[in-house]
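Structural description and commentary
Below are the chains, spelled out letter by letter.
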Amino acid sequence: MSSSSAVNEKVEYDYMPSNWSKRYGPTELLARYFKFCENTTAQVRGSIEHELDVPYAASEKAKYDSYGTNLPDDAPILLFIHGGYWMEFSKDLSGFAVPNFVANGVKVVLAGYDLCPNVRLPDIVRQIKTLVAKLLNLAKNLGSKGVWLAGHSAGAHLAASLLHDPDWLAENRASLAWLRGAWFLSGVYALEPLLRTSVQEALRLTPEEIEKYTFAPLDEGKQQPNQQHSGLDNFKAVVVVGESDSPIFVEESRRYARRLTSIVDNVEYLLLRNDVDHFDIVENLTKADFVLSRHMVDSIKRS
């Protein structure tokens with residue numbers, strides 16, 4: 001299980017979501033997606049009060065951007081964690097998560113983090129846990145209505161890592177009441193198949209990392225024992241995927257939703273119809289009438 005593992009063409013195809021969109025071919029889809037992300041982020045930086053590159057840990061990319069800085073102290077906070085197979089993309093391309101929520105009185109924080117192969121997956125997981133702990137304490141001190149998480153693709157995996165770490169939960173018990181919910185968007189939750197894809201060259205996953213950071217095993221009978229989640233009694237988990245995502249991602253989302261029901265009381269699985277794919281599931285967050293936009297805004301406002 002090393003970086004020299006052979007790439008399996010079928011596994012590679014299945015785990016590349018750009019192959020499954022019904023809108024464009026993979027190359028055009030990715031080019032359009034990156035352009036959309038650049039343009040949208042430029043627009044929100046030019047129109048919404050913000051603070052960029054706030055450090056939360058001592059490394060190059062361990063910084064976040066905060067939008068809606070002119071909102072009241074008690075405003076709820078949404079932390080968005082970008083994807084990119086833990087090896088690409090950036091908070092500087094994630095502006096699509098901002099305008100709808102700020103318009104509805106929600107501060108938005110975009111997480112930056114170091115990328116593989118410059119760091120290992122456990123390093124990234126630690127960074128996200130550090131950031132969330134800081135945001136929970138900030139929310140507590142400000143009197144915020146709470147913190148919600150939204151992770152996309154590999155970002156969904158990073159958001160999930162919080163729920164499967166009893167030590168982190170225990171360390172942050174005093175502020176966990178401010179962690180109100182999470183949306184896991186088109187996530188990847190089983191790591192072993194990635195050994196047979198090209199991403200393993202950057203990730204260099206070890207057997208120990210695969211075991212520790214697999215949250216929806218292919219064999220559901222091999223799941224780790226359930227742990228008690230003191231302080232998460234009012235937490236809601238929503239697992240979301242588009243019907244035109246890779247079938248592998250759809251199945252992993254279903255599997256992870258089943259896993260979550262054993263450790264979180266309030267779990268929802270949401271399959272988005274109308275050919276929603278791995279990329280427009282977040283692109284469409286800029287649209288107030290998009291089903292996921294409505295779901296997220298309404299859930300935060302009701303809490």
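Here goes a summary of the coordinates provided. (Residues numbered from 1 in each chain as written. Predicted model: local features only at pLDDT ≥ 70, side-chain atom pairs only at ≥ 80, totals over all residues. Heavy atoms only, no water.)

Let us now look at the packing of aromatic side chains. Here the distance between the centres and the angle between the planes together describe a pair of aromatic rings. Counted under the stated rule, the structure contains 10 aromatic pairs. On the numbers, 6.1 Å between centres and 80 degrees between planes, the contact of Tyr33 with Phe34 is edge-to-face. Residue Tyr33 is classed as buried on the basis of its relative accessible area, which comes to 4%. Each residue in the set Tyr33, Phe34, Phe89 and Phe279 is aromatic and connected to the rest through ring pairs, giving one cluster. (Phe/Tyr/Trp six-rings, centres within 6.5 Å; stacked < 30°, edge-to-face > 60°. Buried < 20%, exposed > 50% of the residue type's maximum accessible area, 1.4 Å probe, protein only.)

A sheet is described by the order of its strands in space; here eight strands give the open sequence β1-β2-β4-β3-β5-β6-β7-β8, paired in mixed fashion. Of all strands in the sheet, those bounded by a partner on one side alone are β1 (50–55) and β8 (266–272). The sheet shows a mean angle of 20 degrees between the axes of neighbouring strands, direction not considered. By the bridge criterion, five bridges tie strand β3 (residues 77–81) to strand β4 (residues 107–111) in an arrangement that is parallel. Paired with Leu79 across the bridge in β4 is Val109. Helix α5 (residues 154–163) contacts β3, β5 (147–152) and β6 (179–185) of the sheet and is inclined by roughly 135 degrees relative to β5. Sitting on the sheet, helix α9 (residues 247–260) is in contact with β6, β7 (236–242) and β8, with an inclination near 165 degrees to β7. (Pairing = 2+ DSSP bridges. Helix = DSSP H or I, 4+ residues; strand = E, 2+ residues; numbered from the N terminus. Axes fitted to C-alpha atoms, helices over the stretch in contact; angles between N-to-C directions. Contact = heavy atoms within 4.5 Å.)

Attention now moves to the pattern of salt bridges. Across all of its chains, the model carries 19 salt bridges by this definition. Put simply, Lys91 and Asp65 hold a salt bridge, and the shortest N to O gap is 2.9 Å. With Lys91 in the loop between β3 and α3 (99–103) and Asp65 in strand β2 (residues 63–67), the pair connects residues that are 26 residues apart, well separated along the chain. Taken as a pair, Lys91 and Asp65 share a single burial class, namely buried. Salt-bridge contacts for Glu268 lead to Lys236; the nearest nitrogen and oxygen are separated by 3.2 Å. Of this pair, Glu268 sits in strand β8 while Lys236 is found in strand β7, placing the two residues 32 residues apart along the sequence. On the basis of relative accessibility, which here comes to 24%, the residue Glu268 falls in the partly exposed class. In this structure, a network of salt bridges that share partners links the residues Arg45, Asp53, Asp65, Lys91 and Asp92. (Salt bridge = Lys/Arg side-chain N within 4 Å of Asp/Glu carboxyl O.)

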